[in-house]
Amino acid sequence: MIAVIGDVHGCYYTLLELYNKIKDKYPELEIYCVGDLVDRGNYSCQVINFVMEKKVKVTTGNHDQMFYYFFKHPFNEIGKAWLYNGYEQTLISYSNNNYHKLEEHLNFIKSAPLYYNLDDCFISHAGISKYYKKVLQENNNDLNAIDSVLKSDFEADHGILWTRNELLDIGKLQIVGHTRKKEILSIKNTNVVYIDTSAYTNKLSAVIVEDNKIIETISIQTLYEDIN
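Just so it is clear, the model here is predicted, and its values are computed rather than measured. (Residues numbered from 1 in each chain as written. Predicted model: local features only at pLDDT ≥ 70, side-chain atom pairs only at ≥ 80, totals over all residues. Heavy atoms only, no water.)

**Q** Tell me about the pairing of strand 9 (residues 203–210), and please be specific about residues and values.
**A** Taken across its eight residues, strand 9 has seven buried, putting it largely inside the fold. Where strand 1 (residues 2–5) lies against strand 9, four bridges are found, and the strand directions are antiparallel. Across the sheet, the residue bridging to Ile 2 is Val 209, located in strand 9. The sheet contact formed by strand 9 and strand 10 (residues 213–221) spans eight bridges and is antiparallel. Within strand 10, the position partnered with Ser 205 by the bridge is Ser 219. Where strand 9 folds back onto strand 10 in an antiparallel hairpin, the turn is made up of two residues, including Asp 211, whose phi is positive at roughly 50°. (Buried < 20%, exposed > 50% of the residue type's maximum accessible area, 1.4 Å probe, protein only. Helix = DSSP H or I, 4+ residues; strand = E, 2+ residues; numbered from the N terminus. Pairing = 2+ DSSP bridges.)

Take a look at the structure:
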């Protein structure tokens, strides 16, 4: 059994409350997150500090990558795109004596995997879309066998960081963020659960998962200090 938290987007105080709520009920539970730790909310630096400290297992999100590329590969289109995707609050969060943490945080983002393929579920930021149906079939539906393909499509619109297309039934529960929903949304016919509930405007959500089944959902309404 594990917990998976949706896109945080700099909402540190909301994340703290959700994390504590999970741990109060499931103190030994391992916690994952689908990424997008940064941008839009007020406390991106503090969010990264927190997940590092608590050893939350994070898959990288497209906003995290835009942040990373802006500093490390500024002429790449991913880096350039950061300037149009809520970067201002992230930069502000590194002021007031936090700038010295930037390099450590960028290295943390660089080291975050694209996905976790667990017994309980498959976790990624945007999911494996139907674009990969043929290549997965050619590899006997072995997700590990298409790792190199997923990584080579890192920047593609249909890739695991960016896709908003219909996702593929991969034979186990897919838990994804990226595509905003008002509430946690389960798509039965493709075995996909969307858990990005717009933390910076609505609420931050998590699912408790065991053996490819949702046991419980937990949400916290966005706290005022995170966005004002």
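**Q** Give a detailed account of the packing of helix 3 (residues 62–72) against helix 6 (residues 102–111), specifying residues and quantitative values.
**A** Here helix 3 crosses helix 6 at 125°, and the two axes come no closer than 10 Å. As the angle between them shows, helix 3 and helix 6 are arranged oblique. Seen from above, helix 3 lies across helix 6 with left-handed handedness. In this structure, helix 3 contributes Asp 64, Gln 65, Phe 67, Tyr 68, Phe 71 and Lys 72 to the contact, and helix 6 contributes Leu 102, Glu 103, Leu 106, Ile 109 and Lys 110. Partitioning the contact of helix 3 with helix 6 into residue classes produces six nonpolar, one polar and four charged. (Axes fitted to C-alpha atoms, helices over the stretch in contact; angles between N-to-C directions. Parallel < 35°, antiparallel > 145°, perpendicular 65-115°, else oblique. Left-handed = near helix turned anticlockwise from the far one by under 90°. Contact = heavy atoms within 4.5 Å. Nonpolar A, V, L, I, M, F, W, Y, C, P; charged D, E, K, R; others polar.)

**Q** Summarise the nonpolar core; cite the residues concerned and give the values.
**A** In this structure, Ile 5, Ile 22, Leu 37, Phe 67 and Ile 128 are the most contacted members of the largest nonpolar core, which totals 56 residues. Counting 14 residues, the second-largest nonpolar core is a separate cluster that includes Tyr 32, Ile 123, Val 193 and Val 207. (Core = buried A, V, L, I, M, F, W, Y, C linked by side-chain atoms within 4.5 Å.)

**Q** How would you explain the pattern of salt bridges if you had to name every residue and give the values?
**A** Applying the stated criterion across every chain, the model contains seven salt bridges. Between Glu 103 and Lys 72 there is a salt bridge, and its shortest N-O distance comes to 2.6 Å. Of this pair, Glu 103 sits in helix 6 while Lys 72 sits in helix 3, placing them 31 residues apart in sequence. Of the residues examined, Lys 72 reaches a relative accessible area of 31% and is grouped as partly exposed. One salt bridge in this structure joins Glu 77 and Lys 80, with 3.4 Å as the shortest N-O distance. Linking Glu 77 with Lys 80, this pair stays in helix 4 (residues 77–81), spanning three residues, or about one helical turn. (Salt bridge = Lys/Arg side-chain N within 4 Å of Asp/Glu carboxyl O.)

**Q** Could you give an account of the packing of aromatic side chains, naming the residues involved and the relevant values?
**A** A complete count under the given rule lists 16 aromatic pairs for this structure. Plain terms: the ring middles of Tyr 13 and Tyr 43 are 5.2 Å apart, the flat faces sit at 90° to each other, and that makes the pair edge-to-face. Note that Tyr 13 is positioned in helix 1 (residues 12–25) and Tyr 43 in the loop between strand 2 (30–33) and helix 2 (44–53), a separation of 30 residues in sequence. Residue classification places Tyr 13 among the partly exposed residues on the basis of a relative accessible area of 32%. With 5.1 Å between their ring centres and 80° between their planes, Tyr 131 and Tyr 132 make a pair best called edge-to-face. With a relative accessible area of 54%, Tyr 131 lands in the exposed category. Taken together, the ring pairs connect Phe 67, Phe 70, Phe 71, Trp 82, Tyr 87 and Tyr 94 into an aromatic cluster. (Phe/Tyr/Trp six-rings, centres within 6.5 Å; stacked < 30°, edge-to-face > 60°.)

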